[in-house]
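So you can see what is in the structure, the chains are spelled out below.
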Amino acid sequence: MDYNLEGRTMKFSENIIDLIKTIKINEINKPIIKQLIRSATSIGANYNEANGASSRKDFKNKIFICKKEAKETKYWL
């Protein structure tokens, strides 16, 4: 199994963006799409920040944020 989470979260962000490019955007789905992009791309950004954490507590906090963003992304999908 590939545990390269930096690469996998980056690929996930790219896949979400590619998916969104296939959706016809209108006034109803526009806010949802914007939120989906924010939450999906935030997972990888926070994971990268976690790897540069200044302490174990900071690392845990960033990973917790990743988990929250992943749950939110699942909701919007």
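Higher on the page you've got the structure.
The following paragraphs examine the structure supplied in this document. (Residues numbered from 1 in each chain as written. Predicted model: local features only at pLDDT ≥ 70, side-chain atom pairs only at ≥ 80, totals over all residues. Heavy atoms only, no water.)

Structural notes on the overall build of the chain
Next, step 1: Helices and strands together make up the secondary structure of the chain, namely three helices and zero strands.
Next, step 2: Its helices and strands taken in sequence order, the chain reads α-α-α from the N to the C terminus.
Next, step 3: Taken over the C-alpha atoms alone, the chain extends approximately 45 × 25 × 15 Å along its principal axes.
Next, step 4: Per-residue burial for the chain yields a buried fraction of 25% across its 77 residues.
Next, step 5: Excluding contacts between residues fewer than 6 apart, the proportion of contacts in the chain whose partners are at least 24 apart in sequence is 59%.
Next, step 6: Charge centroids of the chain, computed over 15 positive and 9 negative side chains, lie 6 Å from each other. (Helix = DSSP H or I, 4+ residues; strand = E, 2+ residues; numbered from the N terminus. Buried < 20%, exposed > 50% of the residue type's maximum accessible area, 1.4 Å probe, protein only. Contact = heavy atoms within 4.5 Å. Lys, Arg positive; Asp, Glu negative; His and termini not counted. Charge placed at Lys NZ, Arg CZ, Asp CG, Glu CD.)

Describing the packing of helix H2 (residues 30–51) against helix H3 (residues 56–76)
Next, step 1: Following both chains from N to C, one finds H2 and H3 inclined at 155°, their axes separated by 8 Å at the closest point. Comparing the axis directions of H2 and H3 gives the class roughly antiparallel. In this structure, H2 meets H3 at a crossing whose hand is left-handed. Each of Ile 32, Gln 35, Leu 36, Ser 39, Ala 40, Ser 42, Ile 43, Asn 46, Tyr 47, Glu 49, Ala 50 and Asn 51 in H2 lies in contact with H3, whose residues at this interface are Phe 59, Lys 62, Ile 63, Ile 65, Cys 66, Glu 69, Ala 70, Glu 72, Thr 73 and Trp 76.
Next, step 2: For the contact of H2 with H3, the per-class residue count stands at 12 nonpolar, six polar and four charged. (Axes fitted to C-alpha atoms, helices over the stretch in contact; angles between N-to-C directions. Parallel < 35°, antiparallel > 145°, perpendicular 65-115°, else oblique. Left-handed = near helix turned anticlockwise from the far one by under 90°. Nonpolar A, V, L, I, M, F, W, Y, C, P; charged D, E, K, R; others polar.)

Concerning the pattern of salt bridges
Next, step 1: In this structure the tally under the stated criterion is one salt bridge.
Next, step 2: Among the ionic pairs, Glu 49 bridges to Lys 62, the shortest N-O distance being 3.2 Å. Separated by 13 residues along the polypeptide, Glu 49 in helix H2 and Lys 62 in helix H3 bring together distant segments of the chain. (Salt bridge = Lys/Arg side-chain N within 4 Å of Asp/Glu carboxyl O.)

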